[in-house]
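This is what each chain is made of:
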Amino acid sequence: LTGAIQYYDCLTDDARLTLENVLDARALGAVVVNHARAGKLLKDGDRVKGLVVEDELSPGRSVQLRAKVVVNATGPWSDEVRALAGEVQILKPTKGVHIVVDAARLPVRNALMMASPRDKRVVFCIPWGLGRTVIGTTDTFYDGKADHAHADRADADYLLETANQYFPQAKLTLADILATWTGLRPLLKPPEGVGAYQTSREHMIFERPGFLTIAGGKLTTYRRIAMEVVDQALEQLGVKAPCTTGSRDLPGAVGLDSDAQLDAVAAPLEQLGLTRAQAEHLALAFGARAKAVAQRAVDDPTAKAPVDPELPYLYAQ
């Protein structure tokens, strides 16, 4: 080793980030429905005028929703929804797999960027907290049903091979894998001959009267993508309105303008009877809303119980 470069990137809890956006949408007047599937689209000639929403928890129950503009923002399921409108397929999804191992088997203090010995792709080895280390990700084209994407033996072997190249003393095997997770990147079809890793991550908006599809893109630019989609929808509605996303905080960030202010959220939670680990976890996960969650734990002893003895998650959440 003759040298190294250290650089910094960001970490987020994607599930909580999604819920924060849902909560803010509801605060702005949206009606939020989970476990709902887009059935057939309602059309008037070439124009989409709404859709039938099917209740996944009560089979056979559905409701017709009329809309001046329908936005299809369903990620790897985009083509399934587009098919309801008779639109051609636009996606070539790629599968990304991560594996989780015990930090005692692969102890790292900083994220490490590795190059796969097989194809020179970048793979990361990341300290994940709670005594865990994460290795990933893969990048392979996926042609199956989006609901059925999962890690397979080839994915695990690829990631273990890369980690063992950089940490030969670890001698990681399949038996060391505690968990896996898999995601699909809803990438746009590339030209023939372009590999999964080279496929563009840029996004595009596809439009017809009353119907917009957003596809491609990445989590890191989701607010810009959303702004462009809403601006396009407003254009179809003939409405002009300024976008406020550049200055609008998500609910948990309201009143927290610095890391110091976020750090200060945890201390009062400990005074309510939570452990330091629990208080810090709630502060990071809920921000300004953490106290309300902690209060639930104070008011109901069963809510204060941990979901798992090794993890900081409380039933109050």
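Residues numbered from 1 in each chain as written. Predicted model: local features only at pLDDT ≥ 70, side-chain atom pairs only at ≥ 80, totals over all residues. Heavy atoms only, no water.

1. With respect to the pattern of salt bridges
Rules: A pairing counts as a salt bridge when a side-chain nitrogen of Lys or Arg comes within 4 Å of a carboxyl oxygen of Asp or Glu. Numbered from the N terminus, helices here are DSSP runs of H or I no shorter than four residues, and strands are runs of E no shorter than two. Only protein chains enter the area calculation, which uses a 1.4 Å probe; residues under 20% of their type maximum are buried, those over 50% are exposed, and those in between are partly exposed.
In total, this model carries 19 salt bridges according to the counting rule given. Its salt-bridge partner being glutamate 80, residue lysine 145 comes within 3.9 Å of it at the nearest N-O pair. In this pair, lysine 145 sits in the loop between β9 (140-141) and α3 (153-166) while glutamate 80 sits in helix α2 (residues 78-84), placing the two residues 65 residues apart along the sequence. On the basis of relative accessibility, which here comes to 46%, the residue lysine 145 falls in the partly exposed class. Overall, the relative accessible area of 32% leaves glutamate 80 in the partly exposed class. With a shortest N-O distance of 3.1 Å, aspartate 157 and arginine 153 are connected by a salt bridge. Here the residue aspartate 157 and the residue arginine 153 both occupy positions in helix α3, the gap between them amounting to 4 residues, near one helical turn.

2. A few points about the environment of valine 63
Spelled out, the test is: Residues count as neighbours in contact if any of their non-hydrogen atoms are within 4.5 Å of one another.
Mapped onto the elements, valine 63 comes out in strand β3 (residues 62-66). Classification of valine 63 as partly exposed rests on a relative accessible area of 43%. With 15 residues separating them in the primary sequence, valine 63 and serine 78 have C-alpha atoms 21 Å apart. Ignoring any residue separated from it by four or fewer positions in sequence, one finds valine 63 in contact with Leu51, Val52 and Val53.

3. A look at a nonpolar patch on the surface
Selection criterion: Residues enter a patch when their relative accessible area is above 30% and they make no salt bridge; the linking distance is 9 Å between like charges and 5 Å between nonpolar side chains (Val, Leu, Ile, Met, Phe, Trp, Tyr). In this description, accessible areas are obtained by the Shrake-Rupley approach with a 1.4 Å probe, and a residue is regarded as covered only by the protein chains that are shown.
Taken together, the side chains of Leu130, Val307, Leu311, Tyr313 and Tyr315 present a nonpolar region at the surface, about 470 Å² in accessible area. Topologically, tyrosine 315 is positioned in the segment after α8 (301-304). A relative accessible area of 52% means that tyrosine 315 is categorised as exposed.

4. A word on helix α6 (residues 276-286)
Along α6, the residues that are buried comprise Gln278, Ala279, His281, Leu282, Ala283, Ala285 and Phe286. Here the buried face of α6 lies against α1 (14-27), α5 (259-271), α7 (290-299) and α8. Phi turns positive one or two residues past the end of α6, at glycine 287, with a value near 55°.

5. Remarks on the sheet that holds strand β12 (residues 211-216)
Test applied: By this definition, two strands are paired if DSSP reports at least two bridges between them. Only the contacting stretch of a helix is used when fitting its axis, a line to C-alpha atoms as for every element, and angles between N-to-C directions run 0 to 180 degrees.
Overall, mixed pairing links the 3 strands, which are arranged β4-β12-β11 in an open sheet. Looking at the sheet topology across the chains shown, the edges are occupied by β4 (70-72) and β11 (203-208). When strand polarity is set aside, the average angle formed by the axes of neighbouring strands in this sheet is 15°. Direction of pairing for β11 relative to β12: antiparallel, over a ladder of 6 bridges. If you follow histidine 203 over to β12, its bridge partner there is glycine 216.

6. As for unusual backbone geometry
Of all residues except glycine, most have a negative phi; of all peptide bonds, most are trans. Put simply, glycine 136 and threonine 137 share a cis peptide bond, and its omega is 15°. Along the chain, threonine 137 falls in the loop between β8 (132-136) and β9. The backbone phi angle of leucine 130 is positive, close to 55°, even though this residue is not glycine. With respect to the element layout, leucine 130 can be found in the loop between β7 (122-129) and β8. Owing to a relative accessible area of 47%, leucine 130 belongs among the partly exposed residues under this scheme. Look at lysine 171: it is not a glycine, yet its phi comes out positive at around 50°. If you trace the backbone, lysine 171 turns up in the loop between α3 and β10 (177-185). Lysine 171 gets classed as exposed once you look at its relative accessible area, which sits at 59%.

7. Let's talk about the environment of glutamate 270
The condition that has to hold: Polar contacts, as counted here, are pairs of nitrogen or oxygen atoms within 3.5 Å of one another; within protein the pair requires one atom able to donate a hydrogen and one able to accept it, and residues that are adjacent in sequence qualify only if both atoms are side-chain atoms.
Mapping glutamate 270 onto the fold places it in helix α5. Residue glutamate 270 is classed as partly exposed on the basis of its relative accessible area, which comes to 30%. Glutamate 270 sits 24 residues away from alanine 294 along the chain, and the two C-alpha atoms are 9.3 Å apart. Excluding its chain neighbours within four sequence positions, the residues that come into contact with glutamate 270 are Thr275, Arg276 and Ala279. At a separation of 3.5 Å, a polar atom in the side chain of glutamate 270 contacts the side chain of arginine 276.

8. Observations regarding the environment of glutamate 310
With respect to the helices and strands, the residue glutamate 310 is situated in the segment after α8. Overall, the relative accessible area of 57% leaves glutamate 310 in the exposed class. Sequence spacing of glutamate 310 and glycine 131 is 179 residues, and the spatial spacing of their C-alpha atoms is 9.3 Å.

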